[in-house]
Amino acid sequence: MRVTFKVYRYQPEVREDPYYDSFSFDAEPTDRVLDGLNHIKWHLDGTLALRRSCQHGICGSDALRINGVNRLACKVLIRDVGSKITVEPLMGCEVIKDLVVDMDPFFGHYRAVLPYFMNEEAPPDRERIQSVEEREAFDDTTKCILCAACTTSCPSRWANPGFLGPAAIVQAHRFIFDSRDRGAADRLSILGERSGVWRCRTIYNCTRACPKEIQITKAIGEVKRRIVDDRS
Amino acid sequence: MRVHEHTFDAIVVGAGGSGLMAAVYLARQGDVRTAVLSKLYPTRSHTGTAQGGIGAALGNMGEEDHWEWHMFDTVKGSDYLGDQDAIEVMCRESPEVVYELEHMGLPFSRNEEGRIAQRRFGGHTSNYGEAPVRRACYAADRTGHMILQTLYQQSIKNDVQFFDEYQVVDLLIEGGACRGAVALNIATGELHVFRCKALVLATGGYGQVWEITSNAVTLTGDGMFLVARRGVPLEDMEFYQFHPTGIRGMGILITEGVRGEGGILRNHEGERFMERYAPNLKDLASRDVVSRAIYKEIRAGRGIDGKRFVHLDATQLGAEVIETKLPEIADFCRTYLGIDPVTEPIPVQPTAHYAMGGIPTNVNGAVVGMHGEPIRGLYAIGECACVSVHGANRLGTNSLVDLVVFGRRAGLAMADYCRHADLESAGDDPAGPAREELERLWSTAGSDGENAAEIRREMKQVMMDNVSVFRTEELLQEGLAKIAALRERADRIAIDDRSQGFNLDLTDAWETKGMLELAHIMTFCALNRTESRGAHSREDYPDRDDENWLKHTLAVPRDGSIEIGYKPVSITRFEPKERVY
């Protein structure tokens with residue numbers, strides 16, 4: 001089928017303002033949107049800049065705005081978005097070049113929630129015991145691949161760039177609800193501050209954007225409830 | 001081009017499982033200034049895509065298991081080419097590192113007792129080959145993702161310093177020592193010289209050399225190429241694993257865990273054909289055996305509808321097993337194939353997956369040269385290294401074991417080395433050769449130049465047609481000639497992008513040239529080894545030939561050709577015998 005890609009371009013070394021380029025070519029309906037972008041880069045215009053790596057929805061490099069919705073370019077097939085495809089960089093991020101945005105603020109917020117296992121008790125010789133049910137309590141949030149699709153779809157974050165955002169809360173949730181971890185109080189105190197969970201207005205954009213189908217708004221709700229419960 | 005300079009004690013190149021494990025161990029020392037350079041954000045590394053599990057003889061599932069059995073399976077899986085001293089280290093230490101990962105917070109799936117859950121995997125058996133055993137410790141089918149996340153989290157906890165999106169483009173190896181690296185800061189296009197006492201390469205594999213591959217587009221073998229062109233040999237490059245079950249046409253990996261849970265391979269007639277090829281372990285025979293069987297079925301016209309794929313039938317597993325133990329696989333099938341594995345078979349074909357060969361090291365990750373001499377301060381771990389624990393064919397789950405066991409050992413060995421070694425001079429203009437190379441690429445323009453993507457496409461095709469599962473002298477000679485022609489054309493690669501920052505046109509071109517060198521070395525080595533062993537299957541030399549070939553190959557580019565050397569295989573516990581599954 002014939003497809004037309006309308007691609008956001010920003011080439012600061014060449015031209016001051018951003019613009020859009022159009023590329024039309026033949027593609028298979030089962031091709032990924034990323035295949036289309038690769039085709040452009042490899043055969044039509046080598047100057048196009050984008051991040052990509054695993055190409056099957058695990059590494060989280062290629063979160064982009066595709067027809068206005070945050071998706072991984074490698075997890076969307078052309079037949080699912082039609083023949084006219086607009087591709088833009090993630091919103092609320094500084095664009096470095098074309099589809100490449102500055103990820104440092106995103107990873108900065110990730111680091112802010114102490115995203116690592118905390119338990120200073122001496123571990124047993126073998127594994128720590130955790131029941132199937134205890135493990136299940138945080139299973140959903142272990143799926144996060146840090147692609148930023150959720151955080152950059154969040155209107156509260158667009159309004160308040162200081163908001164830690166859904167991804168950081170998801171990462172905190174993964175530890176707060178892990179029966180083996182002892183750092184919940186520290187994390188809940190960070191998430192209870194002005195830049196934390198209360199900025200979330202349950203708009204559900206994050207849940208819709210997540211390529212791993214994590215129930216993000218639900219996870220944020222669980223963290224909110226935990227903060228309230230701990231206070232009372 | 002501006003050049004920046006940095007000095008550290010230790011540098012880690014690559015931020016996948018092995019690199020991060022080494023980095024965590026280096027950082028924990030407290031007195032070793034360490035930096036990690038990675039061309040990707042660390043969580044993008046390919047360890048994250050490993051699915052099925054990490055092998056360790058924990059015996060958690062009510063079955064007896066011992067590291068000696070794991071060792072035997074690994075030796076047999078390697079077709080007796082793996083070094084048994086190194087395999088012993090790996091299998092002995094594996095339970096300990098798996099517990100350590102758990103103590104770092106890794107969320108393994110659990111059994112009824114709340115212990116780490118384990119499943120069956122190809123080639124892993126009890127009692128020296130008797131029957132399949134549950135040895136693969138897993139976190140659903142996201143084991144690699146959880147390892148990568150956990151180690152990145154620990155790196156943050158231990159204040160590891162990262163240089164993200166810094167691509168190493170040269171190594172400062174001179175006078176038998178490594179003195180640092182030159183890296184391109186992708187965001188700015190500027191070069192950075194990193195001087196150090198010890199440097200470890202953890203750059204992963206080079207599956208992008210083939211058309212159908214499970215490997216990320218960024219897996220271009222940079223570390224292997226960088227050492228080879230500085231005169232350090234590569235070991236056993238003729239051994240490359242094709243995983244039996246990649247998604248048809250795309251190569252995306254479908255974990256062996258599907259077969260571990262009871263999935264069955266079927267041909268066009270619906271026959272469970274592995275019964276004919278491996279009467280004992282059937283679908284859980286080792287990967288080289290299963291990949292060859294699939295190729296033979298296809299050749300005999302028994303591919304599905306006569307085409308180049310077979311079916312992986314997981315329908316008898318039931319919805320619950322698939323949704324809870326193999327959720328990613330279910331997602332891949334629904335997303336990319338539009339099928340539901342609960343009710344429909346998955347179309348699969350062998351996919352280029354894993355390099356058994358690589359940079360030769362000892363059991364502490366220290367790189368050794370052509371004649372066994374150490375390259376001071378240079379280490380290699382993970383897929384880019386060759387210890388050799390995988391020999392001629394790697395068992396499933398053992399890549400993850402390799403990453404953490406030898407990542408840890410290298411981290412500790414480097415820390416020790418840094419405390420005693422001095423920082424050696426890196427010369428007046430250490431970035432000179434890298435700058436010249438990149439500027440030459442950068443300044444080649446014009447419509448009569450070659451397109452790197454087109455050269456890459458042709459290389460992938462040649463490797464797929466001539467240097468894949470079955471090989472012959474004729475095919476390999478033809479492959480060698482075609483690769484030579486592509487290497488010549490690659491000297492005329494012209495790029496479109498004239499800018500400095502985020503010039504991926506430039507790095508793509510650079511990587512293409514590097515991959516062609518690796519394709520050349522590997523094809524040369526495949527032609528050189530006139531026997532069949534593990535993943536290296538020569539139809540003109542169908543038998544294993546222990547008398548002449550029970551030895552490792554070493555290969556290094558020299559004056560436009562490849563110089564070959566050999567080294568003996570370490571055999572400690574298990575004498576080579578015929579390999580039957």
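Here is a short report on the structure shown in this document. (Residues numbered from 1 in each chain as written. Chains lettered and ligands numbered in written order. Predicted model: local features only at pLDDT ≥ 70, side-chain atom pairs only at ≥ 80, totals over all residues. Heavy atoms only, no water.)

We now examine the side chain of Arg292 of chain B. Residues and elements named next belong to chain B. Examined against the element boundaries, Arg292 turns out to sit in helix α8 (residues 287–299). In terms of polar contacts, Arg292 uses its side chain to reach the backbone carbonyl oxygen of Gly534, at 2.8 Å. In contact with Arg292, not counting residues within four places along its chain, are Val469, Phe470, Gly534, Ala535 and Ser537. (Helix = DSSP H or I, 4+ residues; strand = E, 2+ residues; numbered from the N terminus. Polar contact = N/O pair within 3.5 Å; in protein donor to acceptor, adjacent residues only side chain to side chain. Contact = heavy atoms within 4.5 Å.)

The next thing to look at is a negative patch on the surface. On the surface, a cluster of negative charge is contributed by Glu133, Glu134 and Glu136 of chain A together with Glu112 and Glu113 of chain B. Within the secondary structure, Glu113 of chain B is located in the loop between α3 (84–103) and β5 (118–126). Among the residues examined, Glu113 of chain B registers a relative accessible area of 56% and is labelled exposed. (Patch = residues over 30% accessible without salt bridge, like charges linked within 9 Å, V, L, I, M, F, W, Y side chains within 5 Å. Areas by Shrake-Rupley, 256 points an atom, 1.4 Å probe, with all protein chains shown as cover. Salt bridge = Lys/Arg side-chain N within 4 Å of Asp/Glu carboxyl O. Lys, Arg positive; Asp, Glu negative; His and termini not counted. Charge placed at Lys NZ, Arg CZ, Asp CG, Glu CD. Buried < 20%, exposed > 50% of the residue type's maximum accessible area, 1.4 Å probe, protein only.)

Here we come to the interface of chain A and chain B. Of the residues lining the interface, 64 residues belong to chain A; the matching set on chain B comes to 59 residues. Between chain A and chain B, roughly 5300 Å² of surface is buried when both sides are summed, and carbon and sulfur atoms account for 50% of that area. The tally of links from chain A across to chain B stands at nine salt bridges. With its nearest N and O atoms 3.0 Å apart, the salt bridge here joins Lys212 of chain A to Glu328 of chain B. If you look at where chain A meets chain B, you find 39 residue pairs in polar contact (both at pLDDT 80 or more). Where the side of chain A that touches chain B is concerned, the elements lending two or more residues are α1 (33–44), β6 (95–97), α3 (104–112), α4 (132–136) and α6 (165–176) of chain A. Partitioning the side of chain A that touches chain B into residue classes produces 27 nonpolar, 14 polar and 23 charged. (Buried area = accessible area lost by both parts, 1.4 Å probe. Nonpolar A, V, L, I, M, F, W, Y, C, P; charged D, E, K, R; others polar.)

Moving on, we get to the environment of Leu326 of chain B. The residue Leu326 of chain B is located in the loop between α9 (318–325) and α10 (327–337) in this model. The sequence separation of Leu326 of chain B and Arg120 of chain B amounts to 206 residues, and the corresponding C-alpha distance is 14 Å.

Before going further, it helps to examine unusual backbone geometry. In this model, Val387 of chain B is joined to Ser388 of chain B through a cis peptide bond whose omega is 10°. Along the chain, the position of Ser388 of chain B falls in the loop between β20 (385–386) and α11 (398–420). In this structure, Asn67 of chain A is a non-glycine residue whose phi angle is positive, near 50°. Positionally, Asn67 of chain A belongs in the loop between β3 (63–66) and β4 (69–72). Take Asn67 of chain A: its relative accessible area is 33%, and that puts it in the partly exposed class. Phi angles above zero are rare outside glycine, and Lys282 of chain B is one such case at about 50°. Inspection of the secondary structure puts Lys282 of chain B in the loop between α7 (274–277) and α8.

Attention now goes to the nonpolar core. Counting residues in each nonpolar core, the largest one holds 132 residues, and the members touching the most others are Phe5, Val33, Leu37 and Leu191 of chain A together with Ile54 and Leu101 of chain B. The leading source of residues in this core is α11 of chain B, at eleven residues. Contact partners of Ile54 of chain B, with chain neighbours within four places excluded, come to Val98, Leu101, Phe108, Arg135, Ala136, Cys137, Thr143, Ile147, Thr397, Leu400, Val401 and Val404 of chain B. (Core = buried A, V, L, I, M, F, W, Y, C linked by side-chain atoms within 4.5 Å.)

This part covers the pattern of salt bridges. Applying the stated criterion across every chain yields a total of 77 salt bridges over all chains. In this structure, Glu102 of chain B engages Arg180 of chain A in a salt bridge whose closest nitrogen and oxygen atoms are separated by 2.8 Å. On the criterion of chain membership, the pair formed by Glu102 of chain B in helix α3 and Arg180 of chain A in the loop between α6 and α7 (184–191) is interchain, its members lying in two chains. We note that Glu102 of chain B, like Arg180 of chain A, is buried. Three or more residues are tied together by salt bridges with common partners; here these are Asp79, Glu238, Asp288, Arg292, Arg529, Glu531, Arg533, Arg544, Asp546 and Arg579 of chain B.

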